[in-house]
2 protein chains.
Amino acid sequence: VHECPFFLPSRVLNYNTFIKTSGCVVPILHSGFLEIKREYIFPIIEKKVFESQKKDLLNLGIGDVALPLVEPAAIAFKEAIDEMQKRPIGYPASHGHFELRQKIHSLYFEKYGLDLTDIFISDGINSDLGDLQEIFSQTALFGVHDPSYPVPQDVCLMAGRSKYLHVLPTSFEMNFLPEPPDYPLDCMYLCTPNNPSGTAMTKDQLAAWVKWAIKHQAILIVDAAYSDFITQDDVPQSIYQIEGAKQVAIELRSFSKSAGFTGLRVSYSCVPSTLLGLCDQKNISFKKLWAQRMASKSNGISYPAQKAALACLTEEGLSATLKQVHHYLLMARRLKDAAHAVGLKTLGADNAPYVFIECPQGFSSWEFFDYLLDKCAIVSVPGLGFGQQGDHFIRLSGFIGEDVCQRACERLTSLACFV
Amino acid sequence: VHECPFFLPSRVLNYNTFIKTSGCVVPILHSGFLEIKREYIFPIIEKKVFESQKKDLLNLGIGDVALPLVEPAAIAFKEAIDEMQKRPIGYPASHGHFELRQKIHSLYFEKYGLDLTDIFISDGINSDLGDLQEIFSQTALFGVHDPSYPVPQDVCLMAGRSKYLHVLPTSFEMNFLPEPPDYPLDCMYLCTPNNPSGTAMTKDQLAAWVKWAIKHQAILIVDAAYSDFITQDDVPQSIYQIEGAKQVAIELRSFSKSAGFTGLRVSYSCVPSTLLGLCDQKNISFKKLWAQRMASKSNGISYPAQKAALACLTEEGLSATLKQVHHYLLMARRLKDAAHAVGLKTLGADNAPYVFIECPQGFSSWEFFDYLLDKCAIVSVPGLGFGQQGDHFIRLSGFIGEDVCQRACERLTSLACFV
């Protein structure tokens, strides 16, 4: 047996103090997990809905798809299973199926001078948002904006980064889109088109971030989960449309929302070869570390799901996904119009399937949530769930069917006008 | 714009030093990634094989399946896709499909008094091995054994734990199975049945680890990827057969090797409610943090893959997987017999589909690799790839078809006897 070669201050301390008093197994766990102070709103929503005993509820609260898997994907999926029954397919390539990477590259990234090997297939933007922070030093500075999809903030806290995390508040006047600060960060998480506000950064706004990142040697991680929903001319489909973005930006995209893929788990990241970082006093390729992380910590993404994703990028697949995108946007716009009809102010519904509604004077977001549940039997999501700055807003989702949308609009427009 | 509230020593240092000299974007990256000093052997193997220009190569080097997906899984998979075409399935539950957790629990864990909610579905043991270390404090002490599956060591190094990582060497005489040290650790990774040695811990050996863990308040993470291959009576199918294990052990299992699932990505962890840890001076449930990590950092596991996994646990599915297990074990045993016939000493092939062969006198593992490649056109894996202690061994894999096995045995037995 070998002598312990470690320096064990906290370990020995805990050992002496706790084993005797508790008799329990007490290894030291990561205190970062206790740093998340934000209330989890979905359990509260569930409880409120349950207690309301409302019948004929219309759920406009969910950010999950309402249409089934597109047909070309389903066909490809089943073919992949037939293939796996004929011969063993084995572990998927750790950076993704070559054909899928190739197709994604040629469709979306080649035109910006990015390399095929910059594309990495993953099981979801959620995972990538969490995994990417691992590449940064434990003392790297992170920025997130508020309100926004809460995962970047949560994963930074869980990793013990609370002292190094800066939250940039935004406002209705800013379209809830953050502006670059006048100090440096190592990494800024951007979510555009934004969940929950439904708004998206214009070319000028993205260019300001790229300029800031180049000046301050920061990396931008762009959560572009809703990029397929962009319709506005001055909103770029990709940050790489901005000159210089290749030096500073990572873009994350998904099949989840536009192809009915939430249950299948396929997304991808673009991590340009030109992205550099400092590691042990040496300049090093960010992509090299990302590739190493993927090779060591994952055994690849489900093979048939990748084949199904590939089918979404054929002419037929793209047309089927576009149809779903149009449907969801249409639903969001109808909800927006209904809100306007009773004097409510809104954002969104142009480049993302969400409508962000300002609560009427005197309502907090939970109060307006209760009001809509009580008067219309409509379930919304309080903006507070996406950060402190979302407190006077609620989010309605366009991920619904025609029928639900029509009834929701009828109920909304029957409310007394709020002006 | 908000003033920067951070304390920025390293940041400002880097900023001043590097932006001017390099003109590059240099955020601080995690130096843990540079700590992995072990050579990646598979690229070297590929190069050697390519340069050998051998024809009729027999690849006994891979740990990936050689038989196709079992039929019940394929059928269930396609049914799940049909279902997804009819109605949106949406995000999978973050801790796994309820029916699958229920089935796993009733088959394997209920008898040990574990709870259904202790079961978490994941996309692979590989991911869980990496993700579980996140639950421990940055200064927690980790142990791994050598030779073993290298991921636990790699993920600890990547996370910056090199100062807190202890490698327990093992030897041929120990069956390459580690014994508990006489000092405490917070977490010990065990791989049993062991890859690469093919050996597995007996009840007494596991009991010694459980006793050690209880005494030293440590958590055992047991990689039981090959548990379906256990045939020996005194080797427990699960660590929970050992009294007290529920207080200290996490068990990881997979569908990969026994059901042809490597390309599909489904595994599971059992994290007992009774496992406690110390977090910010308070006793806290390990499982609670693991559940929180899963809910925040993942959006669940592919729905049809989970339905396919469920089909593997029906009577028909279990019989189909058992057939594959028997086949692989038979192949491994034939390889073992062929090695014995020419005087080689071996381990394994009883509780895992691997044969670990001691290199003849005077051969390092790379030299014996070269010898087998040259004389038999057989590709093996040098034990060195699994740690320093594997240096005088090579691993042959039973994940092959009948025909490959027969030809490999013929070539091995035609070698001059090594005694």
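Remember, predicted model here, so these are calculated numbers, not experimental data.

## A short note on the sheet that holds strand 12 (residues 354-358) of chain B
Residue and element names in this part refer to chain B.
Moving on, step 1. Spatially, the 4 strands line up as an open sheet ordered 11-12-15-14, and their pairing is antiparallel. What marks the edges here is a single partner per strand, and that holds for strand 11 (346-348) and strand 14 (381-382).
Moving on, step 2. As paired strands, strand 11 and strand 12 are joined by 3 bridges and run antiparallel to one another. Considered in strand 12, the bridge of Leu347 is made with Phe356.

## Notes on the relation of the copies chain A and chain B
Moving on, step 1. For the pair chain A and chain B, the relating rotation is 180 degrees, the translation along its axis is 0.0 Å, and the fit reaches an RMSD of 0.0 Å. Such a combination of rotation and displacement between the chain copies is what one expects of a two-fold axis. Ranked by how close their C-alpha atoms come to the rotation axis, the residues of chain A are headed by Lys78 of chain A, at 2.9 Å.
Moving on, step 2. Mapped onto chain B, 100% of the interface residues of chain A are again interface residues, and the two copies thus contact each other with one and the same surface.

## What about unusual backbone geometry?
Moving on, step 1. Along the chain, Thr192 of chain A connects to Pro193 of chain A via a cis peptide bond; the corresponding omega equals -5 degrees.
Moving on, step 2. Within the fold, Pro193 of chain A resides in the loop between strand 5 (187-191) and helix 7 (203-215).
Moving on, step 3. The step from Asp146 of chain B to Pro147 of chain B runs through a cis peptide bond, and the omega angle for that step is 5 degrees.
Moving on, step 4. Secondary-structure assignment places Pro147 of chain B in the loop between strand 3 (142-146) and helix 6 (151-158).
Moving on, step 5. Phi at Gln53 of chain B takes a positive value of approximately 55 degrees, unusual for a residue other than glycine.
Moving on, step 6. Here Gln53 of chain B is to be found in the loop between helix 2 (41-52) and strand 1 (58-59).
Moving on, step 7. Residue Gln53 of chain B is classed as exposed on the basis of its relative accessible area, which comes to 69%.

## Some remarks on the side chain of Thr346 of chain A
All names here are of chain A.
Moving on, step 1. In this fold, Thr346 is placed in strand 11 (residues 346-348).
Moving on, step 2. A distance of 2.7 Å separates polar atoms of two side chains, one belonging to Thr346 and the other to His340.
Moving on, step 3. Excluding anything up to four places from it in sequence, Thr346 contacts Phe172, Lys336, Ala339, His340, Val355, Phe356 and Ile357.

## Brief notes about the interface of chain A and chain B
Moving on, step 1. Chain A puts 112 residues into the contact, and the matching count from chain B is 112 residues.
Moving on, step 2. At the surface where chain A touches chain B, the tally comes to 2 salt bridges.
Moving on, step 3. Where Lys78 of chain A meets Asp82 of chain B, a salt bridge forms, and the shortest distance between an N and an O atom there is 2.4 Å.
Moving on, step 4. Summed over the shared surface of chain A and chain B, the number is 20 residue pairs in polar contact (both at pLDDT 80 or more).
Moving on, step 5. When residues in the side of chain A that touches chain B are grouped by element, the largest group, 9 residues, is from helix 3 (residues 71-86) of chain A.
Moving on, step 6. Class assignment of the residues belonging to the side of chain A that touches chain B gives a composition of 60 nonpolar, 32 polar and 20 charged.

## Section: the confidence of the model for chain A
Residues and elements named next belong to chain A.
Moving on, step 1. For chain A, per-residue confidence averages 91 on the pLDDT scale, and 94% of positions sit at 70 or higher.
Moving on, step 2. Here residues 1-13 is a poorly scored stretch, pLDDT under 50, and it has 28 contacts once near neighbours within four places are set aside; other chains count.
Moving on, step 3. Here the prediction assigns the complex a pTM of 0.92, and the interface score ipTM is 0.91.

## Notes on the sheet that holds strand 4 (residues 165-169) of chain A
Residue and element names in this part refer to chain A.
Moving on, step 1. Strand order in the open sheet made by the 7 strands is 2-8-7-6-5-3-4, with mixed pairing throughout. With partners counted over all chains shown, the strands left at the sheet margins are strand 2 (119-122) and strand 4, one partner each. Within this sheet the neighbouring strands show an average axis-to-axis angle of 20 degrees, counted without direction.
Moving on, step 2. Pairing between strand 2 and strand 8 (residues 267-270): 4 bridges, direction antiparallel. Within the sheet, the bridge partner assigned to Ile119 lies in strand 8 and is Cys270.
Moving on, step 3. Sitting on the sheet, helix 6 (residues 151-158) touches strand 3 (142-146), strand 4 and strand 5, and the angle it makes with strand 4 is about 160 degrees.
Moving on, step 4. Where helix 8 (residues 286-297) meets the sheet, its contacts fall on strand 2, strand 6 (219-223), strand 7 (249-254) and strand 8, and the angle it forms with strand 2 comes to roughly 30 degrees.

## Section: the state of the cysteines
Moving on, step 1. Under the definition given, this model contains 0 disulfides over all chains.
Moving on, step 2. Looking at the unpaired Cys156 of chain A, the closest cysteine sulfur is the one in Cys187 of chain A, lying at 7.1 Å.

## Re the pattern of salt bridges
Residues and elements named next belong to chain A.
Moving on, step 1. In the structure shown here, the tally under the stated rule is 36 salt bridges over all chains.
Moving on, step 2. Of the charged contacts, one joins Lys287 and Asp118 as a salt bridge, the two residues approaching to 2.6 Å between their closest N and O atoms. Of the two residues, Lys287 is situated in helix 8 and Asp118 in the loop between helix 4 (98-109) and strand 2; the sequence distance between them amounts to 169 residues. For the pair formed by Lys287 and Asp118, the shared burial category is buried.

## Overview of the nonpolar core
Moving on, step 1. Counting residues in hydrophobic clusters, the biggest one holds 111 residues, and the most contacted among them are Leu220 and Phe261 of chain A together with Leu220 and Phe261 of chain B.
Moving on, step 2. When sequence neighbours within four positions are dropped, the list of residues in contact with Phe261 of chain B reads Leu69, Ala73, Phe255, Ser256, Val266, Ala305, Ala308, Ala309 and Cys312 of chain B.
Moving on, step 3. Counting 88 residues, the second largest nonpolar core, distinct from the first, contains Leu165, Cys187 and Trp290 of chain A together with Ala225 of chain B.

## Let's talk about the pairing of strand 15 (residues 393-397) of chain B
Residues and elements named next belong to chain B.
Moving on, step 1. Within strand 15, 5 of the 5 residues are buried, which leaves the element mostly enclosed by the surrounding structure.
Moving on, step 2. Burial along strand 15 is two-sided: Phe393, Arg395 and Ser397 facing one way and Ile394 and Leu396 facing the other are all buried.
Moving on, step 3. Across 5 bridges, strand 12 lies against strand 15 in antiparallel orientation. Bridging across to strand 15, Ile357 finds its partner in Ile394.

## Details of the packing of helix 4 (residues 98-109) of chain B against helix 9 (residues 303-311) of chain B
Residue and element names in this part refer to chain B.
Moving on, step 1. It is the contact of helix 4 with helix 9, at a shortest axis distance of 9 Å, that shows an interaxial angle of 30 degrees. Relative to helix 9, the element helix 4 is oriented roughly parallel. In this structure, helix 4 meets helix 9 at a crossing whose hand is left-handed. For the pair formed by helix 4 and helix 9, the contact residues are Glu99, Leu100 and Lys103 on the first element and Gln306, Lys307, Ala309 and Leu310 on the second.

So, how was this worked out
- Residues numbered from 1 in each chain as written.
- Chains lettered and ligands numbered in written order.
- Predicted model: local features only at pLDDT ≥ 70, side-chain atom pairs only at ≥ 80, totals over all residues.
- Heavy atoms only, no water.
- Pairing = 2+ DSSP bridges.
- Helix = DSSP H or I, 4+ residues; strand = E, 2+ residues; numbered from the N terminus.
- Least-squares fit on C-alpha atoms with pLDDT ≥ 70 in both.
- Contact = heavy atoms within 4.5 Å.
- Buried < 20%, exposed > 50% of the residue type's maximum accessible area, 1.4 Å probe, protein only.
- Polar contact = N/O pair within 3.5 Å; in protein donor to acceptor, adjacent residues only side chain to side chain.
- Salt bridge = Lys/Arg side-chain N within 4 Å of Asp/Glu carboxyl O.
- Nonpolar A, V, L, I, M, F, W, Y, C, P; charged D, E, K, R; others polar.
- pLDDT = per-residue confidence, 0-100.
- Axes fitted to C-alpha atoms, helices over the stretch in contact; angles between N-to-C directions.
- Disulfide = S-S within 2.5 Å.
- Core = buried A, V, L, I, M, F, W, Y, C linked by side-chain atoms within 4.5 Å.
- Parallel < 35°, antiparallel > 145°, perpendicular 65-115°, else oblique.
- Left-handed = near helix turned anticlockwise from the far one by under 90°.

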